[in-house]
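Listed below, chain by chain, are the residues.
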2 protein chains.
Amino acid sequence: MTVLAGGVGGARLAHGVVLAGVRPDVVVNVGDDTRLHGLWISPDLDTVMYTLAGLNDEERGWGLSGETYATLTQLAALGEDTWFTLGDKDLATHLARTARLLGGVPLSEVTAQLAASLGVTARLLPVTDDPVATLLDTPSGRLAFQEYFVRRQHADAVLGITYEGIDAARPAPGVLDTVTGADVLVIAPSNPFLSVLPVLGVPGVREAVETTAARRVAVSPIVGGQAIKGPAAQILETLGHEVSALGVARLYEGLVDVMVVDDADAALRGPIEDLGFEVLVTDTIMGGPAGRERLARELLAVAGHPVP
Amino acid sequence: MTVLAGGVGGARLAHGVVLAGVRPDVVVNVGDDTRLHGLWISPDLDTVMYTLAGLNDEERGWGLSGETYATLTQLAALGEDTWFTLGDKDLATHLARTARLLGGVPLSEVTAQLAASLGVTARLLPVTDDPVATLLDTPSGRLAFQEYFVRRQHADAVLGITYEGIDAARPAPGVLDTVTGADVLVIAPSNPFLSVLPVLGVPGVREAVETTAARRVAVSPIVGGQAIKGPAAQILETLGHEVSALGVARLYEGLVDVMVVDDADAALRGPIEDLGFEVLVTDTIMGGPAGRERLARELLAVAGHPVP
């Protein structure tokens, strides 16, 4: 089973798959990667890694649990910008990643090393080792991703999105193989524009998704017209899409066999089926581990994947 | 008053000068600078900066007091080498320095910024903005400075020393001016080979010391045939010098007017005077702030500098 993932939604779903006893490959967005204080920071990769390692801060959804902030506090005292929260333990990830990247190790290999050190058994793959930067056009101008998302708390209307560098990016080793070789391919309930499209946009990935023999399942991140988390609803709206699981389904036409929508959206079954999708209506809200595992088992079942 | 300094000895003496009510310029060795985890680390500069800020760990002599080690512990968990101890607060210094250097700000300016942020009123000057690396030839081969000093605890016999890059290094802005414009120039009781010579070796600095109108005062780091701290005694010996304040004085011929030796070395007054030095015999062991201030006042007095 292969999961295409952004941050929290993808992390929780992948965690559910692991809890269900299946070891997934997780292909992760890097369009939100940023450099701060000279460090290479890959927030989506880290959210997935920490969640799968059981080390993430469940309450916030990102970062490590039990964090301290001695370095960040001192950085502020030294006059550095500290709007991007970096815990002391989290910093070790960015330091190790940065040092290894500077030493010439590609991001995919660094990711595999870090994940192994933290005891992650799933295979974590950045979609590409090349730099891709999701940039947001807003009424205040073009914003870098973390500037938009963290610093300005995704309050700006998104009028357009550019995935800078994506046309020159090559899929990381293993990415195309895991998409074409999977028997189940899951698009996680991640933001379509900020997480999924910058994965699909890396040359070769969309084609692999279109042509794989895998059963392809997507979970809608929009429930009852609202995003479970983050700005997915606003972005759908300002970019002229219907703010619903149906609007999401339209984005995934030709890429997905089964759309999974929440019980709250049962009424959308017909319209989504009319687009040519199979539809699974279920409880898609993953709270704790039990909810994640339950949803993962349902996805495995609908895809006909053996569940241990 | 200008102080040529390495780490602890220079830091304590400069601190004493500040406590005596004089604001010194401190020209600091960078031959011990290192890169670890992708960070630019300047241990001597930081020791002086932290000491002058009143933030240093007095017991160890280096680093910040009240440190925590969450990042280092996690770096170890990620498989990174952690033989070089980096506290969480200390890391902020290295992160800020590295980010600013990467942004094109020279080390001297970064140093001034960081020192100002920490409330240091003395002027801290790296001897050069260019890279200089003190390398030690030992029976185990050539070692980088921190490899020799920290990782291997300066246990290797030093058979030769190279200051890599020093011939191409230019004095940082202000360095030559503060040497030639000082009325008192102090060579701190730092290791002659590991701290002082890589300062004097930057093209132009030795000439400035030779020709300045300042009263030039050096404090011997060797007391009773022993180094106050570190491997100065061993290095003097393996490089064929007398392990005494007299041996140190010989290294400073033509560069210093007044040699300051400890009461324990009163018997060396004659031989050192025979080399053409004035000699001040006093208690050179700086323990706490009171001892530092006392020694600084004696140096100011012997140099005829007004003491507030």
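Before any of the text, the structure's been laid out above.
A few points on the structure. (Residues numbered from 1 in each chain as written. Chains lettered and ligands numbered in written order. Predicted model: local features only at pLDDT ≥ 70, side-chain atom pairs only at ≥ 80, totals over all residues. Heavy atoms only, no water.)

1. Here's the deal with the packing of aromatic side chains
(1) Moving on: Going through the model one piece at a time under the given rule, you end up with eight aromatic pairs over all chains.
(2) Moving on: Taken together, a centroid distance of 6.0 Å and an interplanar angle of 85° make the contact between B:Trp83 and B:Phe84 edge-to-face.
(3) Moving on: Relative accessible area serves as the criterion here: at 11%, B:Phe84 is assigned to the buried category.
(4) Moving on: A ring pair is formed by B:Tyr148 and B:Phe149, whose centres lie 6.5 Å apart and whose planes are at 55°; its orientation type is tilted.
(5) Moving on: In this structure B:Tyr148 comes out as buried when scored by relative accessible area, which is 0%.
(6) Moving on: Grouped by ring-pair contacts, the aromatic residues A:Phe145, A:Tyr148 and A:Phe149 constitute a single cluster.
(7) Moving on: For the cation-ring pair, A:Arg60 lies above A:Trp62, with the distance from its terminal atom to the ring centre recorded as 3.9 Å. (Phe/Tyr/Trp six-rings, centres within 6.5 Å; stacked < 30°, edge-to-face > 60°. Buried < 20%, exposed > 50% of the residue type's maximum accessible area, 1.4 Å probe, protein only. Lys NZ or Arg CZ within 6 Å of the ring centre and 35° of its normal.)

2. A few points about empty space enclosed by the protein
By rolling a water-sized probe across the atoms, one finds the places where empty space is left.
(1) Moving on: Summed over the entire model, instances satisfying the criterion amount to one cavity of 30 Å³ or more.
(2) Moving on: Considering the residues around the largest cavity, the lining is formed by B:Arg60, B:Trp62, B:Gly63, B:Leu64, B:Glu67, B:Thr85, B:Leu86, B:Gly87 and B:Asp90. (1 Å grid on protein atoms, 1.4 Å probe; cavity = no way out; pocket = protein on both sides within 12 Å on 5 of 7 lines; lining within 4 Å. Points joined across faces, edges and corners; volume = space filled by probe spheres on them.)

3. A few points about the interface of chain B and chain A
(1) Moving on: Taken residue by residue, the interface counts 26 residues in chain B and 26 residues in chain A.
(2) Moving on: Across the chain B to chain A interface the summed buried area is about 2100 Å²; carbon plus sulfur atoms make up 67%.
(3) Moving on: Where chain B meets chain A, there are two salt bridges.
(4) Moving on: A salt bridge links A:Glu80 to B:Arg100, with the shortest nitrogen-to-oxygen separation between them at 2.7 Å.
(5) Moving on: For the side of chain B that touches chain A, the element with the most residues is helix α4 (residues 88-102) of chain B, which contributes ten residues. (Contact = heavy atoms within 4.5 Å. Buried area = accessible area lost by both parts, 1.4 Å probe. Salt bridge = Lys/Arg side-chain N within 4 Å of Asp/Glu carboxyl O. Helix = DSSP H or I, 4+ residues; strand = E, 2+ residues; numbered from the N terminus.)

4. Details of the environment of A:Gln234
Residue and element names in this part refer to chain A.
(1) Moving on: Relative to the helices and strands, Gln234 resides in helix α10 (residues 232-238).
(2) Moving on: For Gln234, a relative accessible area of 37% translates into the label partly exposed.
(3) Moving on: Gln234 sits 90 residues away from Ala144 along the chain, and the two C-alpha atoms are 18 Å apart.

5. Topic: the relation of the copies chain B and chain A
Both copies of the chain are related by a screw-like operation: a rotation about an axis and a shift along it.
(1) Moving on: Mapping chain B onto chain A calls for a rotation angle of 180° and an axial translation of 0.0 Å; the resulting RMSD is 0.0 Å. Expressed as an axis order, the relation between the two copies is that of a two-fold axis. No C-alpha of chain B approaches the rotation axis more nearly than that of B:Asp88, which lies at 3.4 Å.
(2) Moving on: When the interface residues of chain B are mapped onto chain A, 100% of them again fall at the interface, so both copies present the same face. (Least-squares fit on C-alpha atoms with pLDDT ≥ 70 in both.)

6. Examining the sheet that holds strand β14 (residues 278-282) of chain A
Where strands meet in a sheet, backbone hydrogen bonds hold them as pairs that are either parallel or antiparallel.
All names here are of chain A.
(1) Moving on: Read from one edge to the other, the open sheet built from seven strands follows the order β5-β2-β1-β9-β10-β13-β14, with strand pairing classed as parallel. The strands lining the two open edges of the sheet, one partner per strand, are β5 (123-126) and β14. Here the strands of the sheet are splayed against their neighbours by 20° on average, with no regard to which way each runs.
(2) Moving on: In this structure, strand β13 (residues 258-262) lies alongside β14, joined through five bridges in parallel fashion. Across the sheet, residue Met259 finds its bridge partner in β14, namely Val279. (Pairing = 2+ DSSP bridges. Axes fitted to C-alpha atoms, helices over the stretch in contact; angles between N-to-C directions.)

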